[in-house]
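Structural overview
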Amino acid sequence: MNTAHPRFFQRLQTLGAVLFVAGLTTHAGHYQSLTVAGILLTAVLLVRLSIEFSIEEKEPEQSLERKLKRLSFLNQFSMVVAMFGVVSFMREQ
């Protein structure tokens, strides 16, 4: 990883989130709703990480705008998945 890249901390944050969610998913294996939500969140975060790595340092404005919109959509989708997991977990209890 290039630490001089302007999006270095977003990449690092996303990588940390992937590891955190994957770790929580493995420890919550006996709750089916949390496992499904964790797997979906891990997949979404991996897609987000791949988009982060595809952003160049001198990215053209139009291309950067399109990638940032995808990241925004993935953020919203991951919030929906997380809320689904929490609500499903509460119903299981």
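Rules behind the numbers
Residues numbered from 1 in each chain as written. Predicted model: local features only at pLDDT ≥ 70, side-chain atom pairs only at ≥ 80, totals over all residues. Heavy atoms only, no water. Core = buried A, V, L, I, M, F, W, Y, C linked by side-chain atoms within 4.5 Å. Buried < 20%, exposed > 50% of the residue type's maximum accessible area, 1.4 Å probe, protein only. Helix = DSSP H or I, 4+ residues; strand = E, 2+ residues; numbered from the N terminus. Axes fitted to C-alpha atoms, helices over the stretch in contact; angles between N-to-C directions. Parallel < 35°, antiparallel > 145°, perpendicular 65-115°, else oblique. Nonpolar A, V, L, I, M, F, W, Y, C, P; charged D, E, K, R; others polar. Contact = heavy atoms within 4.5 Å.

1. Re the nonpolar core
Core analysis: the biggest nonpolar cluster contains 6 residues, these being Val18, Val21, Ala37, Leu41, Leu45 and Val81. Of all the elements in the fold, those that place two or more residues in this core are α1 (8-27) and α2 (32-54). Ranked by residues supplied to this core, first place goes to α2 with 3 residues.

2. Looking at the packing of α2 against helix α3 (residues 61-92)
Any two packed helices are characterised by how steeply their axes cross, that is the angle between the axes, and by the distance between the axes. As a packed pair, α2 and α3 sit with axes 9 Å apart at the nearest point and diverge in direction by 170 degrees. The orientation of α2 with respect to α3, classified from their angle, is roughly antiparallel. Taken together, the residues of the contact of α2 with α3 break down into 13 nonpolar, 7 polar and 5 charged.

3. A closer look at the side chain of Ser78
Mapped onto the secondary structure, Ser78 falls in helix α3. Not counting residues within four places of it along the chain, the set of residues in contact with Ser78 comprises Leu41 and Val44.

4. Observations concerning the environment of Arg48
One can find Arg48 in helix α2. Given a relative accessible area of 14%, Arg48 falls into the buried group. With 18 residues separating them in the primary sequence, Arg48 and His30 have C-alpha atoms 27 Å apart. Beyond its immediate chain neighbours, meaning those up to four positions away, Arg48 contacts Arg7, Thr14, Leu71, Leu74 and Asn75.

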